[in-house]
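Chain and residue survey
Spelled out from the first residue to the last, the chains are:
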Amino acid sequence: MVTTSPARQSVSSVVGPAAHTKSQSARSKTPKWFQLITSGLSRISPGLAARLFAYFFTRPGRQKLPRHERDWLLQATATPLRLASGEQVPLYEWLGTQPLSGVRDEAPLPTVLLVHGFGGRAGQMGGFAAPLVAAGYRVVAFDAPAHGGAAGNRSSLPEMLEVTREVAARLGPLAGVVAHSNGAAAAIAALTKGMQADRLALLAPTPDLESFIRRLAAQLGFSPEVANRAQKRVEARYGLPFSALKASTLIRRLSLPALILHDNADRIIPLMEVEELARDWEVARLEVTDGLGHNRILRDEGVIAAVVDHLGLPTLR
């Protein structure tokens, strides 16, 4: 179920104090022995610990494709897309065959781009495909490098930003972007760097990468000093400071209508961070769900319906 609240008002009355506590105090499932090792290494050799943490931070895990995601992808046309970097990523396209009404010319259907998060894959976003196609859209998703069916083993938000920009440029102006988690942060940044879209829907977005890396470090047992050193290593590798990716700063340059959906049981991104983002974003609307967590929000029928409704009926260009 989706609970609606104006973006510039507090939603604490909607989710209640318990939901805030749950999202902020969620404990990591990291084994205690691992935390003891990383905390000890942080004290003995913070430089080595920083290299280790930076390694973890830029290595997305891969999981076996669930049956429902496989079914969604089998309904798409999959083609390889070679990026400017030389890397090749899978591109998935869902396309309806019936005209919206009457006779349609040869102009391409309005396109919605689906963007997965860190450690995710295009298949996770597949639940949005059929409803959007039924609404009259062409729907496209991709596996970012080191994700899903794409090659590689290293990635981070700066790279996700560039890949999202490049894929979008190949598709032309977009009718909409639907993005999850780290992909939502990439979409916000990409829109400030030339990506064009009419509407935006963000699911469990990551508003502040600097806050996230510190939270993750604490969960894994690394010290704040190690988190700071690891951040500098990642920033140096990609040539982009985390501060340049902070959503609360970037949204000042965006005017397209935005819908934000976030769950009060999200253990990855605290609801409070998303509330703060929504309050500062005049053209955004925040809707808070109950009990879906960080990933199940992508499969909820109410969430999918809210996104389709936000994008509205397509307009042929």
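Residues numbered from 1 in each chain as written. Predicted model: local features only at pLDDT ≥ 70, side-chain atom pairs only at ≥ 80, totals over all residues. Heavy atoms only, no water.

This next bit is on the overall build of the protein chain. Looking only at helices and strands, one finds 12 helices and 9 strands in the protein chain. Looking at the protein chain residue by residue over its 317 residues, the buried ones come to 54%. If you sum the accessible surface of the protein chain, you get close to 14,500 Å²; carbon and sulfur atoms cover 52% of it. (Helix = DSSP H or I, 4+ residues; strand = E, 2+ residues; numbered from the N terminus. Buried < 20%, exposed > 50% of the residue type's maximum accessible area, 1.4 Å probe, protein only. Areas by Shrake-Rupley, 256 points an atom, 1.4 Å probe, with all protein chains shown as cover.)

Moving on, we get to unusual backbone geometry. Unusually for a residue other than glycine, Ala146 sits at a positive phi of about 75°. Within the secondary structure layout, Ala146 lies in the loop between β5 (138-142) and α6 (157-171). Residues other than glycine seldom take positive phi values, yet Ser181 does so here, at roughly 55°. Structurally, Ser181 can be placed in the loop between β6 (174-180) and α7 (182-191).

Averaged over all residues, the pLDDT of the protein chain equals 89, while 87% of them reach at least 70. Contacts from residues 6-28, a stretch scored under 50 in pLDDT, to residues over four places away or in other chains number 39 contacts. (pLDDT = per-residue confidence, 0-100. Contact = heavy atoms within 4.5 Å.)

A cluster of nonpolar side chains, namely Leu52, Tyr55 and Phe56, defines an oily patch on the protein surface of about 250 Å² accessible area. The class of Phe56 is partly exposed, set by a relative accessible area of 31%. (Patch = residues over 30% accessible without salt bridge, like charges linked within 9 Å, V, L, I, M, F, W, Y side chains within 5 Å. Salt bridge = Lys/Arg side-chain N within 4 Å of Asp/Glu carboxyl O.)

As a further point, take the packing of aromatic side chains. Considering all chains together, one arrives at 7 aromatic pairs under this definition. Measuring from ring centre to ring centre gives 6.1 Å for Tyr55 and Phe56, while their planes differ by 70°; the resulting arrangement is edge-to-face. For Tyr55, a relative accessible area of 43% gives the class partly exposed. Three or more aromatic residues joined by ring pairs make a cluster, and in this case those are Phe53, Phe57, Phe212, Phe222 and Phe242. Looking at Arg237, its charged tip hangs above the ring of Tyr238, at a distance of 5.8 Å from the centre. (Phe/Tyr/Trp six-rings, centres within 6.5 Å; stacked < 30°, edge-to-face > 60°. Lys NZ or Arg CZ within 6 Å of the ring centre and 35° of its normal.)

Below, the discussion takes up helix α8 (residues 209-220). Its 12 residues place the ends of α8 16 Å apart at the C-alpha level, agreeing with the 16 Å of an ideal helix rising 1.5 Å per residue. Looking at α8, one finds that the buried residues are Leu209, Phe212, Ile213, Arg215, Ala217 and Leu220. Looking at the buried residues of α8, the elements they touch are α2 (32-44), α3 (46-57), α6, α7, α9 (224-238) and α11 (271-279). Among the residues of α8, the N-terminal cap falls to Asp208, whose side-chain oxygen and the backbone nitrogen of Glu210 are separated by 3.0 Å. Phi turns positive one or two residues past the end of α8, at Gly221, with a value near 100°. (Expected span 1.5 Å × (residues − 1). Polar contact = N/O pair within 3.5 Å; in protein donor to acceptor, adjacent residues only side chain to side chain.)

In this section: the nonpolar core. Phe53, Leu113, Phe142, Val177, Leu200, Ile260 and Trp281 are the most contacted members of the largest nonpolar core, which has 68 residues in total. With 8 residues, α7 is the single largest residue contributor to this core. One finds Ala175, Leu203, Ile304 and Val308 within the second-largest nonpolar core, a separate group that totals 30 residues. (Core = buried A, V, L, I, M, F, W, Y, C linked by side-chain atoms within 4.5 Å.)

Following the criterion strictly, the structure yields 9 salt bridges and no others. Taking the shortest distance from any N to any O, the salt bridge between Glu69 and Arg121 comes out at 2.7 Å. Taken as a pair, Glu69 in helix α4 (residues 67-74) and Arg121 in the loop between β4 (111-115) and α5 (129-134) lie far apart in primary sequence, 52 residues in all. Here Glu69 matches Arg121 in class, with each residue buried.

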